[in-house]
Amino acid sequence: MRKIHEECGVLGIFSPVRAPVKSMAYYGLFALQHRGQESCGIVINDDGLFSQYKDLGLVSEVFSRDVLDKLPDGNMAVGHVRYGTTGGTERENCQPIVVNHIKGRMALAHNGNLVNSVELRNELELQGSIFHSSSDTEVISYVITKERLTAPSIEEAVNRAMHRIHGAYSLVVMSPSKLIAVRDENGFRPLCYGRRKDGTYVVASESCALEAVQAAFIRDLEPGEILVFGAKGVTSIRDHVGKAPRRTCIFEHIYFARPDSVVEGVSVQEARLRAGARLAIRHPVKADVVIGVPDSGLDAALGYARASGIPYGVGFIKNRYIGRTFISPGQTAREDFVKIKLNPIASTVRGKRVIVIDDSIVRGTTSARIVSLLREAGAEEVHMRVSSPPFLNPCYYGIDIDSRENLVANHHTVEETARLIGADSLGYLPVEDLPYLLGVDARVGYCDACFTNDYPTEIPSVSGKSRFEFKISEGKGKKTT
């Protein structure tokens with residue numbers, strides 16, 4: 001069953017003194033787990049000595065008590081949770097990446113996707129660079145390292161590297177003495193920072209991670225901004241600020257971010273409530289109950305119910321304990337995955353006309369299974385409403401949508417899609433209503449290219465999650481692109 005996948009979550013911690021940074025990193029990553037479930041990692045900096053651990057799996061699976069006990073405390077840490085949009089699910093693609101070079105050590109965690117990674121990697125390979133992973137994060141690390149050879153400081157190396165790397169990137173970079181947070185010029189992916197009462201600074205993809213470690217939110221990084229945390233305090237480098245229009249991904253508010261986060265000054269929960277309310281105005285229907293598909297459909301369903309006056313109900317229970325150990329041995333088991341993950345509450349839907357709210361429809365297979373589950377539970381009618389517009393285009397900035405041919409909206413009308421998934425009716429949020437999610441009446445700086453084909457940057461010449469992968473064919477290693 002195919003759903004849109006989260007991209008990644010990054011975390012950085014800087015303390016003026018030695019502190020329990022590994023515990024803070026663990027809890028911070030736990031709060032960001034929704035952004036990636038393939039792998040995770042933590043690098044600890046103890047007065048210039050780097051210690052790391054990373055592996056495939058959820059934070060709770062990878063960082064057992066024994067693993068955490070073996071990691072030291074220190075004064076800095078970098079953490080990462082991953083769902084890869086470039087590179088496969090192998091341990092070598094786990095982050096953070098640690099680089100040892102003549103100017104010292106560097107650890108780097110990345111959320112996003114470069115649009116010129118193929119060109120940069122080819123250039124670096126021709127200059128003798130040897131890559132150990134198939135992720136574009138390693139490309140970024142090489143570009144920064146190369147600039148560091150002539151730059152007077154790590155922050156200046158990052159500043160110079162930003163002229164060469166293009167696309168979406170929110171980075172946390174750690175040197176032996178500094179922590180650096182970076183956001184691309186368009187601000188595609190979120191990044192914010194806060195401060196604990198003990199003076200420890202925390203950088204994270206979302207504000208929910210700050211709250212998890214008792215750090216008070218200060219602000220979002222501006223697109224193009226570099227923040228440096230060091231012995232002299234916090235320094236902002238703004239050479240790239242204002243060089244490109246702000247284009248934060250609108251899908252952060254629709255689906256990716258946790259509802260208790262605030263992204264670009266907008267409550268994620270409030271954005272979803274507004275999306276549901278707009279759906280009620282745009283696509284009204286007579287019904288007995290409104291339910292949401294966990295998790296991101298719940299607030300939109302509540303917004304729909306409030307605006308329509310139709311009672312809100314809890315229609316699904318979500319199994320939250322399916323980790324990497326869950327195995328689907330065969331097609332039948334794969335088709336039943338949604339039933340294992342979601343179970344309908346029959347007493348809520350039996351004999352009723354049901355409106356079910358979900359955040360998106362990709363291929364339609366998941367939506368068809370959800371509708372089928374509701375009918376099996378006794379729903380008389382099922383009307384699906386979607387809190388985003390139809391997906392029509394691939395994303396090159398960190399969402400795992402890389403092919404138009406797999407998107408159902410490119411091949412079927414709304415009415416055809418409704419029949420395909422077995423719903424009595426189907427309604428999407430119109431593109432023109434997206435500004436209402438952010439609480440404004442006019443278009444603001446967000447990216448909606450996956451809906452509109454309006455890309456803020458040049459699109460890559462070669463795309464696809466596996467563009468740096470190698471496969472064995474007739475005894476020879478071949479690069480797949």
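Scroll up to find the structure this text is about.
First, a word on scope: everything that follows refers to the structure included in this document. (Residues numbered from 1 in each chain as written. Predicted model: local features only at pLDDT ≥ 70, side-chain atom pairs only at ≥ 80, totals over all residues. Heavy atoms only, no water.)

### As for the overall build of the chain
Right, on to step 1. When you go through the chain residue by residue, the secondary structure sums to 17 helices and 25 strands.
Right, on to step 2. For the chain, with 481 residues in total, the buried portion stands at 58%.
Right, on to step 3. Look at the contacts in the chain between residues 6 or more apart in sequence, and 69% of them connect residues 24 or more apart.
Right, on to step 4. For the chain, the computed accessible surface area is about 19200 Å², with 51% contributed by carbon and sulfur atoms. (Helix = DSSP H or I, 4+ residues; strand = E, 2+ residues; numbered from the N terminus. Buried < 20%, exposed > 50% of the residue type's maximum accessible area, 1.4 Å probe, protein only. Contact = heavy atoms within 4.5 Å. Areas by Shrake-Rupley, 256 points an atom, 1.4 Å probe, with all protein chains shown as cover.)

### Some thoughts on helix 14 (residues 365-376)
Right, on to step 1. The terminal C-alpha atoms of helix 14, which comprises 12 residues, lie 16 Å apart, in line with the 16 Å expected from a rise of 1.5 Å per residue.
Right, on to step 2. Looking one or two places after helix 14, you find Gly-378, whose phi comes out positive at around 105°. (Expected span 1.5 Å × (residues − 1).)

### Quick look at unusual backbone geometry
Right, on to step 1. Cis peptide bonds are those with omega within 30 degrees of zero, and the linkage from Gln-95 to Pro-96 qualifies with 5°.
Right, on to step 2. In the segment running from Pro-294 into Asp-295, the intervening peptide bond is cis, with an omega of 0°.
Right, on to step 3. Checked against the element boundaries, Asp-295 lands in the loop between strand 17 (289-292) and helix 10 (296-308).
Right, on to step 4. One non-glycine residue, Asn-453, lies in the positive phi region at around 70°.
Right, on to step 5. Structurally, the position occupied by Asn-453 is in the loop between helix 17 (449-452) and strand 24 (470-473).

### What to know about the pattern of salt bridges
Right, on to step 1. Counted by the stated rule, this structure contains 22 salt bridges.
Right, on to step 2. Where Glu-206 meets Arg-35, a salt bridge forms, and the shortest distance between an N and an O atom there is 2.7 Å. Note that Glu-206 is positioned in the loop between strand 10 (201-204) and helix 7 (207-212) and Arg-35 in the loop between helix 1 (21-31) and strand 2 (39-46), a separation of 171 residues in sequence.
Right, on to step 3. Judged by its relative accessible area of 1%, Glu-206 is buried. (Salt bridge = Lys/Arg side-chain N within 4 Å of Asp/Glu carboxyl O.)

### Remarks on the environment of Ile-361
Right, on to step 1. With respect to the element layout, Ile-361 can be found in the loop between strand 20 (353-358) and helix 14.
Right, on to step 2. Residues Ile-361 and Arg-385, 24 residues apart in the sequence, show an inter-C-alpha distance of 9.9 Å.
Right, on to step 3. Excluding residues within four positions of it along the chain, Ile-361 makes contact with Ser-367, Met-384, Val-386, Phe-391, Val-408, Ile-421, Leu-426 and Tyr-428.

### Examining the sheet that holds strand 22 (residues 425-428)
Strand pairing in a sheet relies on backbone hydrogen bonds, with the paired strands running either antiparallel or parallel.
Right, on to step 1. Spatially, 17-20-21-22 is the arrangement adopted by the 4 strands of the open sheet, whose pairing is parallel. A single partner strand is all that each edge strand has here, and the edge strands are strand 17 and strand 22. Adjacent strand axes in the sheet meet at a mean angle of 20° when their direction is disregarded.
Right, on to step 2. The pairing of strand 17 with strand 20 spans 4 bridges and is parallel. When the sheet's bridge partners are listed, Val-290 is paired in strand 20 with Ile-355.
Right, on to step 3. Against the sheet, helix 10 contacts strand 17, strand 20 and strand 21 (381-386), and its axis sits at roughly 160° relative to strand 17.
Right, on to step 4. Contacting strand 21 and strand 22, helix 15 (residues 414-421) crosses the sheet at an angle of about 125° to strand 22. (Pairing = 2+ DSSP bridges. Axes fitted to C-alpha atoms, helices over the stretch in contact; angles between N-to-C directions.)

### So, the environment of Val-10
Right, on to step 1. Mapped onto the secondary structure, Val-10 falls in strand 1 (residues 8-19).
Right, on to step 2. By relative accessible area, which is 0% here, Val-10 ends up buried.
Right, on to step 3. In the structure, Val-10 is positioned 31 residues away from Gly-41 in sequence and 9.9 Å away in space, judged by C-alpha atoms.
Right, on to step 4. Other than its neighbours up to four places away in sequence, Val-10 contacts Leu-32, Gly-79, His-80, Ala-109, His-110, Asn-111, Ser-170, Val-172, Leu-191, Val-203, Ala-204 and Ser-205.

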